[in-house]
Amino acid sequence: MPDYTGANGLRESFRVVGKPNIPGLTSYAMATGIAKFGSDFTVPDMLFAKILRSPFAHAKVLAIDASKALAIPGVVDVVKWDDPIFGDITQNPFSTSKTGYLPNEAHKEGAEVGAVVIAESEALCDEALCALHVQWEELPFIVDIKKGLDPDFPAIRGPEWDESHTYNPPPKTTEGHTWMATHYPEDPRKKGNVGWSTKAEGDMASGWKQADFILEYEVNVHDVVSLLPNPQASVAWWTDDMYRPGKTLRIEGAVQRRGAIATMYKMPDENVIQEGLFQGGKYCDWGLRMAQEITPLLSKRVNRPVRCCNTREENFDMCVNERFAHIKLGVTNEGLITAVDDSSLLDHGAPGSSEMTVYDRDWTGYYTLKCENITQRYTVVDSNRGFMHTCGQFVPYSWDMLTVGIYLIAEKLGKDPTEIARLNLHGPDSQKDTRPVPSFEACLNEGKKLMNWNWHPAGTKRLPDGRLHGASFRYQMCPRHAFLKYFCKLEYRDGVVHFPTQGPIAGWFGTECFTMIIAEELGLMFDDIAVDYDYRAEHTDEAGGSDGVTGHGWVVKECANMLKKKILEAAAREAQETVIRFGPMEMPKPESPLKSYKAEDLDIMDGKVFVKSDPSKFVLFSQATTETITADFGSYSPKSAWATQFGRKLDTMNTSWCEVAVDDETGEVEILKYLVVADPGKVIRLTSFESQIDQVVFFSQGCQLLEEYILDPETGVKLNGNMLDYRKPTTLDVPIVDKEILELRSGDGAYGASGIAHNLANSHLIITAIHNATGVWVDPPATPDRMLKALGKC
Amino acid sequence: MGKTQIGISLKSASEQAAAAIAAMPEQPKSIRCPICDIRCLTYSALTDHYAANHPDCVIPTTITLHVNGKACSLIIEPHLTLKQVLQYHLGLIGAKEMCDRGACGSCTVIIDGKPALSCNILAAECEGKIIETVEGIAVIPKWKPLIDAYCKWDAMQCGYCTPGFLVAAKVLLDRNPHPTEKEINEALSGNICICGTYPRHAQAILEAVKIMAEGSDS
């Protein structure tokens, strides 16, 4: 594996990397409305399709009489679930459907089921759906997962779904990177609607014995929904292309999943064309919705382009599952945790949900502790609450169970929670390492200073205006994805460096980060790099947010240095030439200033290839060589502590701090100060780095103060599946987030970077500050009515 | 085939916005029955077709919309929203549909100088009114500092809601060329950004205000 500048980079001064306010490559397109998202594509002669949605939380379609629908002028076709056409496609590798492509059983209200209508307009589709005579069989449903524990409750899923409760070893990549831990062989088999999974480490009996007291507490995480801003949609049509054998499929809207679509439709990749780049805020949301996959099938059927677009309500999926955690900590009188027992009840969601946050036990704060006696016992209940489409950007994983625990120990012992955290945090290299973690210490000290941190016990401080004052603190690791093999290809052509990428553009400014790295390594400016968006390019931005950007950035950095080496070799080679050749003709060539120098004597900076020992001797970078030079590099980046050690190694850290005022007469909560001190190792693109912090605080504040997903317990139907009734924060709601960025360069991405991304998202930092103000726990969202109830005032 | 054309500078984005406006048809390209896709030569032929074949249906109506300085005569179904007509009949995609019911501001356009939610307004109601969309703003040099500042400050992440914010910002600055941060946040509070870019909008608008003021002084 090449490593021209070292994984952590020896570079001390940066000309491009880290600079703020460089406009994004597609920002102008986005701002001016010319950026095309999936739902923006329309083509002549296009038909529309809509999928039947279940009005029930759990139901089976027994039969559909489509005759009235088909009699409506303008309704072109109704395709039912048992139509042989569905045999023409295979499983999308990014889908978890196991019951045929279009099922006849719906596992949540609003699930696609039974039939698709195709018509000349969206209005006619709606009319046709209403005209379908559907014979439904209502089935038992679970939207209250505590009730779902009842062993006598009928199983809501057929045996075909039991696979999710078989216990496979964690998959590993060929390089040995653990993708994610899942299930454990010693767990009992699923029974009814309930599965179990227990991960145990250390010697629990010894841990309890060392403890002076046991602390028991509960942390409830409610589900959070509604992330994708853009309606998921696609339009597809088939053509004959003289340059390609067989049919060519053009599909727009299934951004970044051209390969999956090709697999699904049994097509060679090169026969699938997809030029759209913009996929909206699909942060770590890897799946396609049916509306993005089904249009090629329907287009083939009716021999016209077909568009299918979800409504907002049809996109109202969850990104965090409901969880009820009961935690027991063994603690010494000094505040040292000696045993952790996390007994959690979790929602498994409707079939097809991502299990990432349900079963992934490694991404938790527990392994940052010196304590090695840790048991996580998960009880997982199948439900009909909704689909959980993973959105890593917003998933707080299991971290705040520990945040609350540290706070409670501090409360009990009358100590500052930052000191409890410091006491319990293991050292940089392992859980047995007792040395301080430099990144944590830096983030902690800076945070305390900027917060003017002066800890007080719960319910003991009032502000001059009479409101109660509370504060809270949490720490976490800065993440970096390094699971995947990343690719980069660069080309020096006609004096310009080209960086081909397929995108997508989803909001994390990845291509910009990579371009900055390339420019940095080649001594060029950001604008000097020609970024070629091309759906056929091997390079993709899909690398997991800013953390992936830095992991991937290492590969890009190496590739840029490969290109640089080749350019310098070519420049040295051409400098020796005495003639210029035009085909058979030759003419004398002026002597190059680089003549008689070897490649290793040369360097590139400020658009020049120059002699290191005498920078006055140079040629312009654009004239360094007439050759076309390509560097092509694909590799796993260095394993990151976050990706492979999950808390057992600590390199780059961050701390978050929150200060609130609670009016105990009205129940209103105001965030007075929100501070993030982050050491991502090295910031690649400052402006988007800071925006990413704002984004996760937006999420965190929303889910703790405003957002609540309400299901009718009687019918299992969503009561607020729209943006009027489900309240996202607005410009008037969000707090100003103070940010302090440290760069200790201790990550193992490019230049020691590690990233930021979702690790600052939290479910209980504000809730903990509210407890510190009031002495009472309120389950999020802490709306005024809930606050007053918690305070015993209503 | 393969390389995607995107506006990677204001110049190219403005040119593409201008091209989108230029491509808006001033007359219907063809007269087509929206129910059965049959082409008719004239509007009266379409009404005859409706009388014969769809007697219970509402006949498409003829209207003229004044969009971004251009008068476009259209034959549309009366139930279509302005957002749908902008996209399906005029090819303008800057007004985005997010919430489906006037709660998010992504589809904001300007009608007779006031911000309006195009997903909640029937196109048929807009006849005779002056409609501006984000594409129209993009081609006016006066607003270059605003667009520049939006891009410089990343007042966008995924970019889906951004045009709606930019339109709302333009309306604010038309009304109040020197807004405070509080006034900006109030003016933009009807626009939802799920990527949480809110602080960036005030930052960008305040910078644009300063640059626009300096420009007008000079």
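Predicted model, so just to flag it, every value in this text is computed and none were measured.

## So, the overall build of chain B
Stage number 1. A tally of helices and strands in chain B yields 8 helices and 7 strands.
Stage number 2. On the principal axes, the C-alpha backbone points of chain B span a range of 60 × 35 × 35 Å.
Stage number 3. Expressed as a percentage of its 218 residues, the buried residues of chain B come to 50%.

## What to know about the interface of chain A and chain B
Stage number 1. Counting from both sides, the interface comprises 60 residues of chain A and, opposite them, 63 residues of chain B.
Stage number 2. The class makeup of the residues in the side of chain A that touches chain B is 27 nonpolar, 22 polar and 11 charged.

## Concerning the sheet that holds strand β7 (residues 194–201) of chain A
Residue and element names in this part refer to chain A.
Stage number 1. Taken in spatial order, the 5 strands make up an open sheet running β7-β17-β16-β15-β8, and their pairing is mixed. Of all strands in the sheet, those bounded by a partner on one side alone are β7 and β8 (213–221). Looking at each pair of strands side by side, their axes are set apart by 10 degrees on average, direction ignored.
Stage number 2. Pairing geometry for strand β16 (residues 337–347) and strand β17 (residues 374–381), over 8 bridges, is parallel. Bridging from a neighbouring strand, aspartate 341 pairs with threonine 375 of β17.
Stage number 3. Its contacts with the sheet put helix α9 (residues 399–413) on β8, β15 (323–331) and β16, and the angle it makes with β8 is roughly 140 degrees.

## Some thoughts on the environment of Lys485(A)
All names here are of chain A.
Stage number 1. Of note, lysine 485 is situated in strand β19 (residues 485–493).
Stage number 2. Considering only alpha carbons, one finds lysine 485 and lysine 598, 113 residues apart in sequence, at a separation of 34 Å.
Stage number 3. What lysine 485 contacts, discounting residues up to four positions off in sequence, is Gly634, Ser635 and Tyr636.

## Quick word on the nonpolar core
Stage number 1. The biggest cluster of nonpolar side chains holds 288 residues, and the ones touching the most others in it are Val117(A), Ile518(A) and Tyr150(B).
Stage number 2. At 13 residues, helix α13 (residues 545–575) of chain A tops the list of elements feeding residues into this core.
Stage number 3. Lining this core are residues from two domains, each supplying at least three of them: domain 1 (27–35 + 483–571 + 619–636) and domain 2 (447–480 + 641–790) of chain A.
Stage number 4. When sequence neighbours within four positions are dropped, the list of residues in contact with Val117(A) reads Ala49(A), Lys50(A), Ala69(A), Val75(A), Val78(A), Cys125(A), Ala128(A) and Leu129(A).

## What about the confidence of the model for chain B?
Stage number 1. In this model, chain B carries a mean pLDDT of 93, and residues with pLDDT of at least 70 account for 94%.
Stage number 2. Among the scores for the predicted complex, ipTM is 0.96 and pTM is 0.94.

## Focus: the environment of His89(B)
All names here are of chain B.
Stage number 1. By secondary structure assignment, the location of histidine 89 is in helix α3 (residues 82–89).
Stage number 2. What makes histidine 89 buried here is the crowd of 20 C-beta atoms within 10 Å.
Stage number 3. Once the C-alpha coordinates of histidine 89 and proline 34 are considered, the two residues, 55 residues apart in sequence, prove to be 12 Å apart.
Stage number 4. Ignoring sequence-local partners within four residues, the contact set of histidine 89 consists of Leu74 and Ile76.

## With respect to helix α15 (residues 686–705) of chain A
Stage number 1. Given a rise of 1.5 Å per residue, 20 residues ought to cover 28 Å, and the 28 Å separating the end C-alpha atoms of α15(A) matches this to within 8%.
Stage number 2. The buried fraction of α15(A) is high, at 19 of 20 residues.

## Quick word on helix α11 (residues 438–451) of chain A
All names here are of chain A.
Stage number 1. Over its 14 residues, α11 runs 20 Å from end to end, which matches the ideal 20 Å to within 8%, given 1.5 Å per residue.
Stage number 2. Each element contacted by the buried residues of α11 is listed here: α10 (417–424), β18 (468–477), β28 (653–662) and β29 (669–678).
Stage number 3. Just downstream of α11, asparagine 452 is the residue with a positive phi angle, here 50 degrees.

## Here we look at the sheet that holds strand β11 (residues 247–252) of chain A
Residue and element names in this part refer to chain A.
Stage number 1. Pairing is mixed across the open sheet formed by 7 strands, whose spatial order is β3-β5-β1-β13-β10-β11-β12. The outermost strands of the open sheet, each flanked by one partner alone, are β3 (75–80) and β12 (272–273).
Stage number 2. Alignment of β11 against β12, held across 2 bridges, turns out to be parallel. Each residue of the ladder has a partner; that of leucine 249, found in β12, is valine 272.
Stage number 3. Helix-sheet contacts for helix α3 (residues 122–131) involve β1 (47–53), β3 and β5 (112–119), and the interaxial angle to β1 is about 30 degrees.

## So, the packing of α15(A) against helix α16 (residues 765–774) of chain A
A pair of packed helices is characterised by two quantities: the angle between their axes and the separation of those axes.
All names here are of chain A.
Stage number 1. Running from N to C, α15 and α16 point in directions that differ by 55 degrees, and their axes come no closer than 8 Å. When the interaxial angle is binned, α15 and α16 end up oblique. Residues Ser700, Gln701, Gln704 and Leu705 of α15 pack against Leu765, Ile766 and Ile767 of α16.
Stage number 2. Residue composition of the contact of α15 with α16, by class: 4 nonpolar, 3 polar and no charged.

## Focus: unusual backbone geometry
Stage number 1. The linkage connecting Gly503(A) with the following residue, Pro504(A), adopts the cis geometry, with an omega of 0 degrees.
Stage number 2. Looking at the secondary structure, you find Pro504(A) in the loop between β20 (496–501) and α12 (510–521).
Stage number 3. A positive phi angle, near 50 degrees, is found at Asp112(B), a position not held by glycine.
Stage number 4. If you trace the backbone, Asp112(B) turns up in the loop between β5 (108–111) and β6 (114–117).
Stage number 5. Overall, Asp112(B) belongs to the exposed group, with 12 C-beta atoms counted inside 10 Å.

## Some words on the domain arrangement of chain A
Residue and element names in this part refer to chain A.
Stage number 1. Split by domain assignment, chain A resolves into domain 1 (27–35 + 483–571 + 619–636) and domain 2 (447–480 + 641–790).
Stage number 2. Distance between the C-alpha centres of domain 1 and domain 2: 35 Å.
Stage number 3. For the side of domain 1 that touches domain 2, the secondary-structure elements that each account for two or more residues are α12 and α13.
Stage number 4. Sort the elements by how many residues they give to the side of domain 1 that touches domain 2 and α13 lands first, with 9 residues.
Stage number 5. The class makeup of the residues in the side of domain 1 that touches domain 2 is 8 nonpolar, 5 polar and 3 charged.

## Observations regarding the packing of α9(A) against α10(A)
All names here are of chain A.
Stage number 1. Remark: α9 packs on α10, axes separated minimally by 8 Å, with the N-to-C direction vectors making an angle of 115 degrees. Once α9 is placed against α10, the crossing between them reads as right-handed. On α10, the residues touching Ile406, Tyr407, Ile409 and Ala410 of α9 are Pro417, Ile420 and Ala421.
Stage number 2. Residues that form the contact of α9 with α10 fall into these classes: 7 nonpolar, no polar and no charged.

## Topic: the confidence of the model for chain A
If pLDDT is low for a region, its predicted coordinates should not be looked at in detail.
All names here are of chain A.
Stage number 1. Scored by pLDDT, chain A comes out at a mean of 89, with 91% of its residues at no less than 70.
Stage number 2. For residues 1–5, every residue scores under 50 in pLDDT, and the model assigns this stretch 10 contacts once sequence neighbours within four places are set aside.
Stage number 3. Predicted confidence for residues 164–183 stays below pLDDT 50, and this span has 38 contacts to residues more than four positions away or in other chains.

## Here's the deal with the pairing of β16(A)
Residues and elements named next belong to chain A.
Stage number 1. Burial runs high along β16: 10 of the 11 residues are buried.
Stage number 2. Here 9 bridges tie β15 to β16, and the two strands are oriented antiparallel to one another. The residue of β16 that forms the bridge with glycine 330 is alanine 339.
Stage number 3. From the end of β15 to the start of β16, which pair antiparallel, there are 5 residues, and glycine 335 there has a positive phi angle of about 105 degrees.

About the thresholds
Residues numbered from 1 in each chain as written. Chains lettered and ligands numbered in written order. Predicted model: local features only at pLDDT ≥ 70, side-chain atom pairs only at ≥ 80, totals over all residues. Helix = DSSP H or I, 4+ residues; strand = E, 2+ residues; numbered from the N terminus. Buried ≥ 20, exposed ≤ 12 C-beta atoms within 10 Å, placed from the backbone. Contact = placed C-beta atoms within 7 Å. Nonpolar A, V, L, I, M, F, W, Y, C, P; charged D, E, K, R; others polar. Pairing = 2+ DSSP bridges. Axes fitted to C-alpha atoms, helices over the stretch in contact; angles between N-to-C directions. Core = buried A, V, L, I, M, F, W, Y, C linked by C-beta atoms within 7 Å. Domains from an automatic or database assignment. pLDDT = per-residue confidence, 0-100. Expected span 1.5 Å × (residues − 1). Parallel < 35°, antiparallel > 145°, perpendicular 65-115°, else oblique. Left-handed = near helix turned anticlockwise from the far one by under 90°.

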